[in-house]
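Here are the chains, one letter per residue:
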Amino acid sequence: MDGVTFEGIEASEGGLEGWLGTLAAELREEGYRPQAVRRVRIPKPDGGERPLGIPTVRDRVVQQAAKLVLEPIFEADFEPNAYGYRRGRGALDAVKEVQASILRGESHVVDADLSRYFDTIPHAELMKSVARRISDKRTGQTYLGVAPSKRRVKRFKQALRTVLHAGNHAPLDEVVEAVNRKLRGWAEYFSIGTLEPTYRTLDHYTSERLRTFLVRRHKVPGRGTRRFSYPYLYEELKLMRLQDRRRVSRTQALA
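These lines cover the structure that appears in this document, whether it is placed above or below. (Residues numbered from 1 in each chain as written. Predicted model: local features only at pLDDT ≥ 70, side-chain atom pairs only at ≥ 80, totals over all residues. Heavy atoms only, no water.)

### Looking at the pairing of strand 1 (residues 38-43)
Item 1. Among the six residues that make up strand 1, zero are buried, leaving the element largely open to the surroundings.
Item 2. Pairing geometry for strand 1 and strand 2 (residues 49-54), over six bridges, is antiparallel. The residue of strand 2 that forms the bridge with V40 is L52. (Buried < 20%, exposed > 50% of the residue type's maximum accessible area, 1.4 Å probe, protein only. Helix = DSSP H or I, 4+ residues; strand = E, 2+ residues; numbered from the N terminus. Pairing = 2+ DSSP bridges.)

See below:
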């Protein structure tokens with residue numbers, strides 16, 4: 001819509017860094033406003049058309065930046081059987097899960113769709129829901145934190161088991177990164193309040209669960225505490241530790 005391209009940004013005075021710096025300043029000073037999108041229509045398999053909005057490069061960058069912050073916060077709370085619009089998941093994964101369910105003896109499949117869902121999202125209610133989970137921490141206002149409930153801790157453990165199960169044959173670095181994404185999401189959501197006891201509990205559970213996963217994968221006798229020691233898990237595999245993240249956050253706050 002504005003005629004700006006990636007090539008044009010890189011060739012402009014100040015280049016990419018200058019362009020990003022200006023955009024970041026607009027966001028910090030609350031002067032940023034999204035621009036109009038280019039409206040196109042793409043054909044649908046049933047013969048109809050789907051409206052598609054193509055944002056400017058500037059708005060796309062801001063959208064991606066917001067996504068990087070918001071995604072792990074909500075990802076930590078998603079049900080393990082949700083596959084749509086989630087990082088690292090897709091329709092093929094859902095098909096594989098259905099196939100596995102059929103092989104387990106389940107015989108009922110429900111196929112449903114919400115007509116024109118994205119055209120009818122109640123945006124005011126949606127933003128209220130986001131505001132209940134997200135705070136940008138402007139006016140130096142203090143936000144009271146609530147310790148995670150036992151139900152939340154249980155749900156996190158269940159989510160972790162969807163990654164560290166015997167049937168996961170993905171490369172080890174991908175497995176650990178998937179675990180770390182869930183830990184980061186948890187830490188982003190539960191970042192204020194009395195967290196040390198819960199963080200210690202989840203760190204212990206995560207490390208033990210990962211160690212059990214490695215013992216099964218490599219067919220190691222015993223519990224594997226020597227071969228898969230804490231230094232191996234945290235230093236070599238780069239498993240995230242919630243307690244370390246908490247200490248870093250406190251140090252930055254004091255600074």
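### As for a nonpolar patch on the surface
Item 1. Together, Y85, L114, Y117 and F118 give the surface a local cluster of nonpolar side chains, amounting to about 550 Å² of exposed area.
Item 2. Mapped onto the secondary structure, Y85 falls in the loop between helix 3 (57-75) and helix 4 (91-103). (Patch = residues over 30% accessible without salt bridge, like charges linked within 9 Å, V, L, I, M, F, W, Y side chains within 5 Å. Areas by Shrake-Rupley, 256 points an atom, 1.4 Å probe, with all protein chains shown as cover. Salt bridge = Lys/Arg side-chain N within 4 Å of Asp/Glu carboxyl O.)

### Quick look at helix 4
Side chains that are three or four residues apart share a direction in an α-helix, a result of its 3.6 residues per turn.
Item 1. Spanning 13 residues, helix 4 covers 19 Å between terminal C-alpha atoms, matching the ideal 18 Å at 1.5 Å per step.
Item 2. Note on helix 4: the residue one or two positions beyond its end, G105, has a positive phi of about 105°. (Expected span 1.5 Å × (residues − 1).)

### What about the packing of helix 6 (residues 150-161) against helix 7 (residues 172-189)?
Item 1. The interhelical angle for the contact between helix 6 and helix 7, taken along N-to-C directions, is 160°, at an axis separation of 10 Å. In terms of orientation, helix 6 lies roughly antiparallel with respect to helix 7. Read as a crossing pair, helix 6 and helix 7 show a hand that is right-handed. Note on element contacts: helix 7 touches helix 6 through V179, K182, L183, W186 and Y189, opposite R152, V153, F156, A159 and L160.
Item 2. Residue composition of the contact of helix 6 with helix 7, grouped by class: eight nonpolar, no polar and two charged. (Axes fitted to C-alpha atoms, helices over the stretch in contact; angles between N-to-C directions. Parallel < 35°, antiparallel > 145°, perpendicular 65-115°, else oblique. Left-handed = near helix turned anticlockwise from the far one by under 90°. Contact = heavy atoms within 4.5 Å. Nonpolar A, V, L, I, M, F, W, Y, C, P; charged D, E, K, R; others polar.)

### Description of the side chain of R58
Item 1. Position of R58 among the secondary structure elements: in helix 3.
Item 2. Residue R58 is classed as buried on the basis of its relative accessible area of 16%.
Item 3. Separated by 3.4 Å, the side chains of R58 and D59 make a polar contact.
Item 4. Not counting chain neighbours up to four residues away, the residues in contact with R58 comprise W19, L23, E26, Y32, R33 and Q35. (Polar contact = N/O pair within 3.5 Å; in protein donor to acceptor, adjacent residues only side chain to side chain.)

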